[in-house]
Amino acid sequence: MKVKEAVILSGGSGTRLRSVTNDDIPKSLTKIKGLSILEWEFEWLSREGVSHIVLAVGHLSDKIKSYFGDNYSSKFGNVQISYSLEKEKLGTGGAFKQASKFLNDDQAYILNGDILCNTDLSLMNKTHFKNNAKATMMLVNMISPYGIVSKNKKGIITGFLEKPKLDLQINGGLSILKRELYDKCPDKGQLEDTLYVELTKTYDFYSYSLPHSNFWMSIDNEKDYILANQSWNGI
C-alpha cells in the first residue's frame, strides 16, 4: 500500500533566508540546482506514488499559485494541486487541519515545505500500514551545529570532526497521518505541542529512521541554501 496524497506546509515567510528571497518570493520557491524547493518535493513525492498535493500557503501565496497552477507534470507523472490559504498564522496543526478538508484518502503525508530528501518511502509506508499506525514520523540523525573534538584517555586531542551526524534523532519534517486524526489537530497551534504529544500516550505513533546514506536537509538559512546548491544531487 502507498500513501497517495500529501499536504505541504509552505506558508512561511522565511525570515532567515531574506538575503536570498529579498522578501520578493516565498522561501519554498527558492532555487536549488535549477528547481525550486517545492518542485523538488513534487518530484520526490510523485516518484513515491503521490498524485494529489495540497499546498498550505500564506506568505506571498499568489506567487506560488501563479507559479504552479492546478497541476504539476513531474518526470514520474501528473500531480493535481489544491490550495489551502492561511489568512493568519495557524501553526503546523492548524494549517494541516484546514488543508485536510481537500484530502480524499484515509492517509496523507504532512511535509515541511523547506526540506530536500531523496529516500525511498516504501519502507516508511510498510512500517505505517503493517502496524496499523495512526501516525508515522520520519526521523533523521541530528547534525551537530559545532565541530567535535576527540581525545584519548590521557586527554590528548586526537582529531576533529566537522559537524558530524549524532546518535540523537529529530523530526525529519515528514509524517503520515491517518484520517481519524485530522479533526483532532488544533485549530491553531503546533502539532509537536498537541496531537503528537497525545499520540505518544497511546503508543499509536511509529517512526521510520532515515538511512544514513540518504540525503536530507532542511533549508533554514543562507548557509543551508549555499550548501544545498553544492551537495544536492536531485531526484
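Described in the following lines is the structure provided in the data block. (Residues numbered from 1 in each chain as written. Predicted model: local features only at pLDDT ≥ 70, side-chain atom pairs only at ≥ 80, totals over all residues. Heavy atoms only, no water.)

## Thoughts on the packing of aromatic side chains
Right, on to step 1. According to the stated counting rule, one finds 8 aromatic pairs in the structure shown.
Right, on to step 2. Residues Trp40 and Trp232 carry aromatic rings whose centres are separated by 5.6 Å and whose planes lie at 80° to one another, so their mutual orientation is edge-to-face. On the criterion of sequence distance, the pair formed by Trp40 in helix α2 (residues 37-47) and Trp232 in the segment after α7 (222-231) is long-range, its members being 192 residues apart.
Right, on to step 3. Taken together through their ring pairs, the aromatic side chains of Phe42, Tyr67, Phe68 and Tyr72 make up a single cluster. (Phe/Tyr/Trp six-rings, centres within 6.5 Å; stacked < 30°, edge-to-face > 60°. Helix = DSSP H or I, 4+ residues; strand = E, 2+ residues; numbered from the N terminus.)

## Quick notes on the environment of Ser28
Right, on to step 1. Topologically, Ser28 is positioned in the loop between α1 (18-21) and β2 (31-32).
Right, on to step 2. On the basis of relative accessible area, Ser28 is assigned to the buried category, the value being 4%.
Right, on to step 3. Distance from Ser28 to Gly14, taken between C-alpha atoms, is 8.4 Å for residues 14 residues apart in sequence.
Right, on to step 4. Excluding residues that lie within four positions of it along the chain, Ser28 makes contacts with Ser10, Ser36, Ile37, Leu38, Ile64 and Gly113. (Buried < 20%, exposed > 50% of the residue type's maximum accessible area, 1.4 Å probe, protein only. Contact = heavy atoms within 4.5 Å.)

## Topic: the side chain of Ser74
Right, on to step 1. Along the chain, Ser74 falls in strand β5 (residues 71-74).
Right, on to step 2. A distance of 2.6 Å separates the side chain of Ser74 from the side chain of Ser46, its partner in a polar contact.
Right, on to step 3. Polar side-chain contacts of Ser74 include one of 2.9 Å to the backbone oxygen of Gly77.
Right, on to step 4. Once residues lying within four places of it in the same chain are set aside, the contact partners of Ser74 are Glu43 and Ser46. (Polar contact = N/O pair within 3.5 Å; in protein donor to acceptor, adjacent residues only side chain to side chain.)

## With respect to the nonpolar core
Right, on to step 1. Judged by nonpolar contacts, the single largest core of 42 residues is most densely connected at Leu55 and Phe68.
Right, on to step 2. Take this core: its biggest share by element is 6 residues, from α2.
Right, on to step 3. Other than its neighbours up to four places away in sequence, Leu55 contacts Ile8, Ser10, Leu38, Phe42, Ile64, Phe68, Ile81, Ser82, Tyr83 and Ser84.
Right, on to step 4. Among the nonpolar cores identified, the runner-up in size contains 21 residues, and Leu9, Ala99, Ala135 and Met137 belong to it. (Core = buried A, V, L, I, M, F, W, Y, C linked by side-chain atoms within 4.5 Å.)

## Describing empty space enclosed by the protein
Right, on to step 1. This structure, assessed with the given rule, holds 1 cavity of 30 Å³ or more.
Right, on to step 2. Put simply, the largest cavity is a space of about 80 Å³.
Right, on to step 3. As for the largest cavity, its lining consists of Leu9, Thr92, Ile110, Leu111, Asn112, Asn171, Gly173, Leu174, Ser175, Leu191, Glu192 and Tyr196.
Right, on to step 4. Every element with two or more residues in the lining of the largest cavity is listed here: β7 (107-112) and β12 (165-178).
Right, on to step 5. If one sorts the elements of the lining of the largest cavity by residue count, β12 sits on top with 4 residues.
Right, on to step 6. Grouping the constituent residues of the lining of the largest cavity by class yields 6 nonpolar, 5 polar and 1 charged. (1 Å grid on protein atoms, 1.4 Å probe; cavity = no way out; pocket = protein on both sides within 12 Å on 5 of 7 lines; lining within 4 Å. Points joined across faces, edges and corners; volume = space filled by probe spheres on them. Nonpolar A, V, L, I, M, F, W, Y, C, P; charged D, E, K, R; others polar.)

## Section: unusual backbone geometry
Peptide bonds are trans in most cases, and residues, glycine excluded, mostly fall at negative phi.
Right, on to step 1. Phi at Asp23 is positive, roughly 60°, even though this residue is not glycine.
Right, on to step 2. Looking at the secondary structure, you find Asp23 in the loop between α1 and β2.
Right, on to step 3. Not every positive phi belongs to a glycine, and Tyr203 is a case in point at roughly 60°.
Right, on to step 4. Mapped onto the elements, Tyr203 comes out in the loop between α6 (195-202) and β13 (205-209).
Right, on to step 5. Overall, Tyr203 belongs to the exposed group, its relative accessible area being 69%.

## Things to note about the pattern of salt bridges
Right, on to step 1. Evaluated as defined, the whole model comprises 11 salt bridges.
Right, on to step 2. Note that Lys188 and Glu88 form a salt bridge whose closest N and O atoms lie 3.1 Å from each other. Note that Lys188 is positioned in the loop between β12 and α6 and Glu88 in the loop between β6 (77-85) and α4 (91-99), a separation of 100 residues in sequence.
Right, on to step 3. For Asp204, the salt bridge goes to Lys134, with nearest N and O atoms at 3.5 Å. Here the residue Asp204 occupies a position in the loop between α6 and β13, and Lys134 occupies one in the loop between α5 (122-130) and β9 (135-143), the gap between them amounting to 70 residues.
Right, on to step 4. Here Asp204 falls in the partly exposed class, since its relative accessible area comes to 21%.
Right, on to step 5. Among the residues examined, Lys134 registers a relative accessible area of 22% and is labelled partly exposed. (Salt bridge = Lys/Arg side-chain N within 4 Å of Asp/Glu carboxyl O.)

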